[in-house]
Amino acid sequence: MSLFKKISIIMSLFLLVVIVSVMTLNFNSAQKYAQEELYVNAQNSATSLSLSLSNVKGDTSVMSTMINAVFDSGYYKEITLLDNNENIIFKRTKEDAQIEVPSWFTGLYNLQTPLASANVSSGWNPIGQLQITSLQDSAHIKLYENFLELLKASAIISLITLGLLFVVLKLILSSLEKLKEQAEAVSSNHFIINNKIPTTSEFKEVTLAMNKMVTKVKDIFEKEATSVQNYHRVLYTDSLTSLGNRNFFELKMNDNLSSQEADANGVILTLFFDGVSEANQLLGHDKVNILIQELATVIKERFKDETKVLLSRIDGTKFSMIFPGLQKEDILEHADVILAQSITQLEQASVPSDCSIKIVQINYSIKDTASSLIEHIEKSLLNVHKNSISYTRLEHFQADKLNQNLIEKRINDNSIALALQDVFDQEENIIHSEAYVRLFDEEQNIHEAGAFIPLVHKLHLDTKLDKSVINYVIKEPLLQDKDVAINISLRFLQDKDALRWLRQRLDNLSTDRKLNFEISNHNLLNCVDEASLFSKTLKETGHNFGIDRFNIEEGQNLNYLQMIKPEYIKIDSQYLHEMLTNAQGQENPALQDLIEILDIKIIASNIESQETKIFLEKMGIKYFQGSLLSKPKLA
């Protein structure tokens, strides 16, 4: 029971006792007064009437007339005139009449009927005694009216008092509500500072103490997050240009190539500063470093408004620009502008004539690896002329047999297939199976997502494909006993109609079944608010939200994890390995601690070697996914 209810009940009981006590005392006083008034009135009447009767000198008829006159006034129940021997000379009695007072009320008290008497004489000769008994009807009525007035006044006082009590308690206890919100927020890893300090000294002290604690916890979290970001910057940032380094290039390429999205295909634009040795000899290392920084600035300025372009400096002379999901035709203008501006920078720096800029464009697909792409770039640069651009199409890159019409037909007909890859815990129990969409061409050859997702994205069929996958998972009999993880696109997440559609589907789903919905970390950062709403909707329906392909983005605050509160995040095992060890090979669990303090599970993905898995288990990672454990299989 809440403190508000307890105080309200106690105060209400206290008020009830006070009101009942006051009413009882008041009623008893009124009853005593009524009792006394009956006797006084009767006695006064007896005295007055006896004096009047004494003046008639014992004339019985006259006395009877006088008694009748008094009795007919209606205030007396009985008037009796007795002689000296107590024989009745004259008597008038009134029968009990029906009065408008409830019987239950008259049963609450005992009103005595007083008997008043006075001697009647004629001169010095006593005639007899006059006895008068008052009628109680008026007393009952007055007591009942008094009771009703008391009850009405008590009810009004009670309502006013309870109303004031409610307002006062709400005002006083509002600070406790704030403290409760703060405590619940801290347990959910949200840090709320209460700026509304209560005036009550005890609550004020508790509020200030709570604010101090929340501030400390927030500082610890932010310091930990800053430490993780700084370490990520050390590992993956080129110190001279602030672009990504070779590790960053490999990280992002492996991330793209392992994805089931449009990122699995794209173009790499590489700028090569040829003749750097000669420039160092003529200009000196410092001036050449400044020139390299200026070349980096040209690249950064060109793509400052592009969110998906990944920029890095592979080595001292090569700059890489990765364009996920794009084709050669999409970046021709970028290549021309960068070439022209870079040549201008060389001319302004007065470099030797042997120095030049060479640019190579290479397509990539899901069949490549980061190391093979770097090797292709190196080979391609050998055949590029000075201050020119070359495009290399890798030999294995062939036109897909899935054309636009076929893809649209497959999606519209819900004619898709799914491959499932299991995710395991430390005891090798399956916690869920991730679903990868597949399509068949006209020759019934199966194609992985990387082969057709770029075209799906270009045709704006992402949401329709996501709905097909969700319907397949819900309806397919073979998947009824499985917890499945479904990858959703950015467009689906941003589509409010799609969210309502999904809510209806999940509301009709069996409560015994739990689905997981994932989106890549890069896509999520473009719609944090929508992702937060999506995660909340899933939790309300008993399902989970997860982040796929997580890595730290440059300049991105990790507080979005607090807002979204995913059930789990999937991190590439190699990236996780590097982030959990420092340059000396010592353990550095900052990233792991930061995520787990938010009650988020870490799933190490792309587990390819037993050594990596053993290391991550040693570091406390409990969930794993990769071809070492299970390869995707058609459902």
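Residues numbered from 1 in each chain as written. Predicted model: local features only at pLDDT ≥ 70, side-chain atom pairs only at ≥ 80, totals over all residues. Heavy atoms only, no water.

A. Representation of the nonpolar core in the model. Among the nonpolar cores identified, the biggest contains 98 residues, and Phe517, Leu524, Phe534, Phe550 and Tyr560 are the most heavily contacted of them. When residues of this core are assigned to their parent elements, the largest contribution, eight residues, is made by helix 5 (residues 201–236). (Core = buried A, V, L, I, M, F, W, Y, C linked by side-chain atoms within 4.5 Å. Buried < 20%, exposed > 50% of the residue type's maximum accessible area, 1.4 Å probe, protein only. Helix = DSSP H or I, 4+ residues; strand = E, 2+ residues; numbered from the N terminus.)

B. Representation of the pattern of salt bridges. Within the structure shown, the criterion is met by 20 salt bridges. A salt bridge links Arg500 to Asp497; the shortest N-O distance between them is 2.2 Å. Residue Arg500 and its partner Asp497 are located together in helix 15 (residues 496–507), separated by three residues, close to a single helical turn. Under the relative-accessibility criterion, Arg500 is labelled partly exposed at 49%. (Salt bridge = Lys/Arg side-chain N within 4 Å of Asp/Glu carboxyl O.)

C. Region of the structure containing the sheet that holds strand 4 (residues 125–134). Taking strand neighbours across the sheet as the criterion, the four strands line up as 2-1-4-3 in an open arrangement whose pairing is antiparallel. Single-partner strands in this sheet number two, and they are strand 2 (88–93) and strand 3 (115–122). When strand polarity is set aside, the average angle formed by the axes of neighbouring strands in this sheet is 15°. In the sheet, strand 1 (residues 76–83) pairs with strand 4 via seven bridges, with the strands oriented antiparallel. The residue of strand 4 that forms the bridge with Tyr76 is Ser134. (Pairing = 2+ DSSP bridges. Axes fitted to C-alpha atoms, helices over the stretch in contact; angles between N-to-C directions.)

D. Here's a closer look at helix 13 (residues 462–475). Its 14 residues place the ends of helix 13 20 Å apart at the C-alpha level, agreeing with the 20 Å of an ideal helix rising 1.5 Å per residue. When you tally the buried positions in helix 13, you get eleven out of 14 residues, the bulk of the element. Of the residues making up helix 13, those classed as buried are Asp462, Thr463, Leu465, Asp466, Ser468, Val469, Ile470, Asn471, Tyr472, Val473 and Ile474. (Expected span 1.5 Å × (residues − 1).)

E. How the structure looks around empty space enclosed by the protein. Applying the stated rule across the entire model yields two cavities of 30 Å³ or more. Taken as a whole, the largest cavity holds about 60 Å³ of empty space. Along its surface, the largest cavity is lined by Lys252, Asp255, Asn256, Asp263, Lys308, Leu310, Pro324, His522, Arg549 and Glu553. Take the lining of the largest cavity: its biggest share by element is three residues, from helix 6 (residues 246–257). Among the residues making up the lining of the largest cavity, the classes are represented as two nonpolar, two polar and six charged. (1 Å grid on protein atoms, 1.4 Å probe; cavity = no way out; pocket = protein on both sides within 12 Å on 5 of 7 lines; lining within 4 Å. Points joined across faces, edges and corners; volume = space filled by probe spheres on them. Nonpolar A, V, L, I, M, F, W, Y, C, P; charged D, E, K, R; others polar.)

F. Inspection of a nonpolar patch on the surface at higher detail. Residues Phe166, Val167, Val168, Leu171 and Ile172 make up a contiguous nonpolar surface patch of roughly 450 Å² in combined accessible area. Within the secondary structure, Leu171 sits in helix 4 (residues 137–187). Looking at Leu171, the relative accessible area reads 61%, which means it is exposed. (Patch = residues over 30% accessible without salt bridge, like charges linked within 9 Å, V, L, I, M, F, W, Y side chains within 5 Å. Areas by Shrake-Rupley, 256 points an atom, 1.4 Å probe, with all protein chains shown as cover.)

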